[in-house]
Structure formats: C-alpha cells, structure tokens
Amino acid sequence: MTKQFKHTNFCVLIKRLVLVILIFSPFLGSAQTDQVKQKDSLRFKYKLNASLRLQRGRINQLLVPASLHTKLFNKTLELSLLGNYTYQKLFNNQMQDEKYARGILSFFPKNNIRPMVGFIYESSRLYQMKSRHSPGIGFGLTLKNTTNHKLKINAFASYDQTEFENIEGYATLRTNFIVFGKHLLVKDKLQFDYTLYYFQSVQDGTNYTFRFEPKLLFKLNKILSLTTNVNYRYESIIDPTNKRNNLFMTVGLQIGNMR
C-alpha cells in the first residue's frame, strides 16, 4: 500500500501546466491559422449504449448497464465526456451500483499530437470503493486515422486518491495509458471497437489497474446498432474479501452519430 501524501502541490502543478498550455496554444495551432480560414462551427456528437438482463423464477436477477459518450468540438478544442452506470440486483441483494465518469479536454483535436487535461471519477459497490478522484495532464497521439481503421492513445500523468469502504485507501501518482481502436470489418454493417486502460502507480509497482472493453457493433442504420459488449477489469489493490478480476458480457443497443 502506498504512503498517503498531500495532493495540494500536485493540483497546483496541474493548474500551472494547464495555464502554460492555454498561453502557448496559439503557437501550437499556428500551422492551422496560416491556412485559409474556414468557418469553425461548434459540433456535437453522441452515442448511447444500453442493455438489460431480467430473470425471474429459479434465478431472480436484474442487470442494467448503460453508458453515454458525448463530444463537443471545433478545430481548437474538444470536450469528451463519458459516463458509465451499472446496476445489478440478484435475489433481492444489490450486487452492483457502479459509477464511472471521464472527462478529457483536448487542444487542437485534429493534430496527430495534442495536449490535453483530464479527470476520472469512480465509485463501485462491487469493489467496495467509496470514491476515486484522478485529475491528470498529458497528450494524445493518433497512430492511424483512415476510413476503416482508427487507433489513438492518450498518455497522462495523474494523481489518484482512492477511498474504500472497509480498508484503508491510498493516494498515489500514476502514469495512465488509454488506447482507443475502431475497425470497420464490413462496410456499413459490422464494426469492432475497443478501449484499453492501463494505470500504473509510479510509487508502488504492485498498484495498478487494467481494463479491456471490446465491443462488436452490427449496424442497423446510420445511428442504430446492435452491440455485443465485454468488460474485463483487474484491480491489484482491493478489499481482500473481493476478487481482483471481473468479467461481464452483455448484449444491447447503441444509438448515436459518433463513430
């Protein structure tokens, strides 16, 4: 377990780095401003995923996973907000009440390399986690961007403060990596998406989190898809009464204009 330490200095550092990015952002985008200026209107995209599993009889279960991902962007800025919520009740016992929120503000999102700031909030009944707050700063890198294949990676330095229900929490500095992939397998019909998370403490090598979220989409039209979703997660530091890894698979619908 890593040693507790005050996070004030780190938060102040993040604020200063954000200020530096804002001051120098005109220079980062100078290549764009030298071109003929076009109308830079603000655009909005979204996608909503929802599933439901209901069992009655020998097994009584209700499982409702849902997520909403929105983007507000133009040539200069992109604000990406993701919210996940999972509720599960089994034999009248509440098993899951999982909340996850991620916000990323990117500067010059069309650039192959772009600075960004982000924040993650999480609470989990499954892992008996009261809360996790994790602000960070880093950059995004586009590795591939074609009509059929997109691959991006975000790299962050972050501060993670996690509190548990029954055991002592921790505060640590982390290096965070998030990989986003989209691959069109059959034009206008079948698409494979995935997000991979790896968060590693720089102070304690045994403190890390790994998540893998692949999704297969069967497109019904431009905004509606049937989805098969897998969510695998591993937390190295948890309440000893829990398992470190969990795997879920659901089938549902996706609605939205975000690809």
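Criteria and cut-off values
- All residue numbers refer to positions counted from 1 along the written sequence of the respective chain.
- This being a predicted model, a pLDDT of at least 70 is required before a residue's local features are given, and a value of 80 or more before pairs of side-chain atoms are given or counted; all residues contribute to the totals for chains, interfaces and linings.
- For the side-chain quantities, the full set of heavy atoms in the structure was used; hydrogens and water were omitted.
- Here a salt bridge means any side-chain nitrogen of Lys or Arg lying within 4 Å of a carboxyl oxygen belonging to Asp or Glu.
- Here a helix means four or more residues in a row that DSSP labels H or I, a strand means two or more in a row labelled E, and each is numbered from the N terminus.
- The classification of residues rests on relative accessible area computed with a 1.4 Å probe and restricted to protein chains. Under 20% of the type maximum is buried, over 50% is exposed, and intermediate values are partly exposed.
- Contacts: residue pairs with any heavy atoms within 4.5 Å of one another.
- Pairs of N or O atoms within 3.5 Å make up the polar contacts considered here, provided that, within protein, one atom can donate a hydrogen while the other can accept it, and that residues adjacent in sequence are counted only when both atoms are side-chain atoms.
- Note on definitions: the grid is 1 Å and covers protein atoms alone; a cavity is a set of points where a 1.4 Å probe fits but cannot get out; a pocket is an open set with protein on both sides within 12 Å along at least five of seven lines; lining residues have an atom within 4 Å of a point.
- Grid points are joined across faces, edges and corners, and a volume is the space filled by probe spheres set on the points.
- Any residue that is not Ala, Val, Leu, Ile, Met, Phe, Trp, Tyr, Cys, Pro, Asp, Glu, Lys or Arg is counted as polar, Gly included; the first ten are nonpolar and the last four charged.

Engineer: Which parts of the structure should I look at to understand the pattern of salt bridges?
Structural biologist: According to the stated counting rule, one finds 10 salt bridges in the structure shown. The salt bridge involving R132 is made with E235; its shortest N-O contact spans 2.9 Å. With R132 in strand β7 (residues 129-145) and E235 in strand β12 (residues 224-235), the pair connects residues that are 103 residues apart, well separated along the chain. Both residues of the pair, R132 and E235, count as buried. The partner of R233 in a salt bridge is E235, with the nearest N and O atoms 2.7 Å apart. Just as R233 is buried, E235 falls in that class too. Through salt bridges with shared partners, one network takes in E122, R132, D160, R174, R211, E213, R233 and E235.

Engineer: For this particular structure, what's the right way to read the environment of K219?
Structural biologist: Along the chain, K219 turns up in strand β11 (residues 208-219). Between the alpha carbons of K219 and Q191 there is a distance of 7.8 Å; along the sequence they are 28 residues apart. Those residues in contact with K219, other than ones at most four positions away along the chain, are L184, D188, K189, Q191, L224 and S225. A distance of 3.4 Å separates polar atoms of two side chains, one belonging to K219 and the other to Q191.

Engineer: Just checking my understanding: could you explain empty space enclosed by the protein for this structure?
Structural biologist: A water-sized probe, rolled over the atoms, reveals where empty space remains. Considering all chains together, one arrives at 3 cavities of 30 Å³ or more under this definition. Considering only enclosed or pocket space, the largest cavity measures out at about 80 Å³ in volume. Lining the largest cavity, in full, are R102, I104, G118, F119, I120, S134, P135, G136, F156, S158, N176 and I178. Among the secondary structure elements, those contributing two or more residues to the lining of the largest cavity are β5 (93-107), β6 (113-124), β7, β8 (149-164) and β9 (170-186). The class makeup of the residues in the lining of the largest cavity is 6 nonpolar, 5 polar and 1 charged.

Engineer: What is the right way to read the layout of surface pockets from this model?
Structural biologist: As a volume, the second largest pocket reaches approximately 330 Å³. Taken together, 17 residues make up the lining of the second largest pocket; nearest its centre are T147, L184, Q191, K219 and R259. Counting residues per element, the ones that place at least two in the lining of the second largest pocket are β8 and β9. Residue contributions to the lining of the second largest pocket peak at 3 residues, all from β9. Split into classes, the residues belonging to the lining of the second largest pocket amount to 2 nonpolar, 7 polar and 8 charged.

Engineer: How should I be thinking about the side chain of N154 in this particular structure?
Structural biologist: By secondary structure assignment, the location of N154 is in strand β8. Residue contacts for N154: discarding those within four places in its chain leaves I104, M116, F139, G140, N176, F177, I178 and F180.

Engineer: Would you mind going over the environment of F44 with me for this structure?
Structural biologist: Counting through the fold element by element, F44 comes out in strand β1 (residues 43-51). C-alpha separation for the pair F44 and T70, spaced 26 residues apart in sequence, amounts to 7.3 Å. Those residues in contact with F44 that sit more than four places away from it in its chain are T70, K71, L72, F73 and N257.

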